[in-house]
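Inside the fold
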Amino acid sequence: MSITRRSNIFDPFSLDLWDPFDGFPFNHSLLSFPRSSSSSSLSFPSDTSSFAAARIDWKETPEAHVFKADLPGIKKEEVKVEVEEGNVLQISGKRTRENEEKNDTWHRVERSSGKFLRRFRLPENAKMDQIKAAMENGVLTVTVPKEEVKKPEVKSIEISG
């Protein structure tokens, strides 16, 4: 039994996949596998054109703004946490791809590689000089303490009469 490629786009079992970015003026497709059956190795996007998106949660507690980024497989030396323009938190880094060996046969490539960059404009009450960052089990946690909000002083006035 042999498998033949079908070219009917309405056939759910067709092996042809539609690439919505095919023909656009950039070098790579979002699909990182060969387009023809004669190719034996996968074509990886170049490092300059690939982008690894970092998913980041931002929560605010009464004491601080806390950012958590999932960065599996990235060492803390490959990540930069910076403050620019006074109140913009920038988290950046690079995930390198595995070396492709000539005798390896890749069946699927789903993990992204490349550079990532995320920026967050912090509110006025953030203490920029006390920011702390820690990396544990592939999760980067950045804590930005907040200035205490001064409660307005209430003064009772005695009513005469």
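Preceding this paragraph is the structure being described.
Just so you know, these numbers come straight off a predicted model, no measurement behind them. (Residues numbered from 1 in each chain as written. Predicted model: local features only at pLDDT ≥ 70, side-chain atom pairs only at ≥ 80, totals over all residues. Heavy atoms only, no water.)

If you trace the four strands from one edge of the open sheet to the other, you get β1-β2-β7-β6, paired in antiparallel fashion. Edge positions in the sheet fall to β1 (56–60) and β6 (132–136), since each of these pairs with one other strand and no more. Neighbour-to-neighbour, the strand axes of the sheet open up by a mean angle of 15°, direction not taken into account. Bridge count between β6 and strand β7 (residues 139–145): five bridges; the pairing is antiparallel. Opposite Ala133, over in β7, you have Val142 as the bridge partner. (Pairing = 2+ DSSP bridges. Helix = DSSP H or I, 4+ residues; strand = E, 2+ residues; numbered from the N terminus. Axes fitted to C-alpha atoms, helices over the stretch in contact; angles between N-to-C directions.)

Moving on, we get to the pattern of salt bridges. Here the structure, examined in full by the defined rule, presents two salt bridges. In this structure, Lys146 and Glu60 form a salt bridge, with 2.7 Å as the shortest nitrogen-oxygen distance. Here Lys146 is found in the segment after β7, whereas its partner Glu60 is found in strand β1, with 86 residues between them in sequence. A residue is classified by how much of its surface remains accessible, and Lys146, at 14% relative accessible area, is buried. Overall, Glu60 belongs to the exposed group, its relative accessible area being 52%. (Salt bridge = Lys/Arg side-chain N within 4 Å of Asp/Glu carboxyl O. Buried < 20%, exposed > 50% of the residue type's maximum accessible area, 1.4 Å probe, protein only.)

Here we take up the pairing of strand β4 (residues 88–95). When you tally the buried positions in β4, you get seven out of eight residues, the bulk of the element. Where strand β3 (residues 79–84) and β4 come together, six bridges link them in antiparallel fashion. Bridge assignment links Val79 to a residue of β4, and that residue is Gly93. Counting the residues between successive antiparallel strands, the hairpin from β3 to β4 contains three residues, one of them, Glu85, with a positive phi of roughly 55°. Bridge count between β4 and strand β5 (residues 114–121): eight bridges; the pairing is antiparallel. Within β5, the residue paired with Gly93 across the bridge is Phe116.

Glancing now at the packing of aromatic side chains. If you walk through the whole model with that rule in mind, you get three aromatic pairs. A ring pair is formed by Trp58 and Phe120, whose centres lie 5.8 Å apart and whose planes are at 75°; its orientation type is edge-to-face. Linking Trp58 in strand β1 with Phe120 in strand β5, this pair joins segments that are 62 residues apart in sequence. On the accessibility criterion, Phe120 (10% relative accessible area) is buried. Judged by centre distance (5.0 Å) and plane angle (45°), the ring pair of Phe67 and Phe120 falls under tilted. Of this pair, Phe67 sits in strand β2 (residues 64–70) while Phe120 sits in strand β5, and the two are 53 residues apart along the sequence. Take Phe67 and Phe120: they sit in the same class, and that class is buried. (Phe/Tyr/Trp six-rings, centres within 6.5 Å; stacked < 30°, edge-to-face > 60°.)

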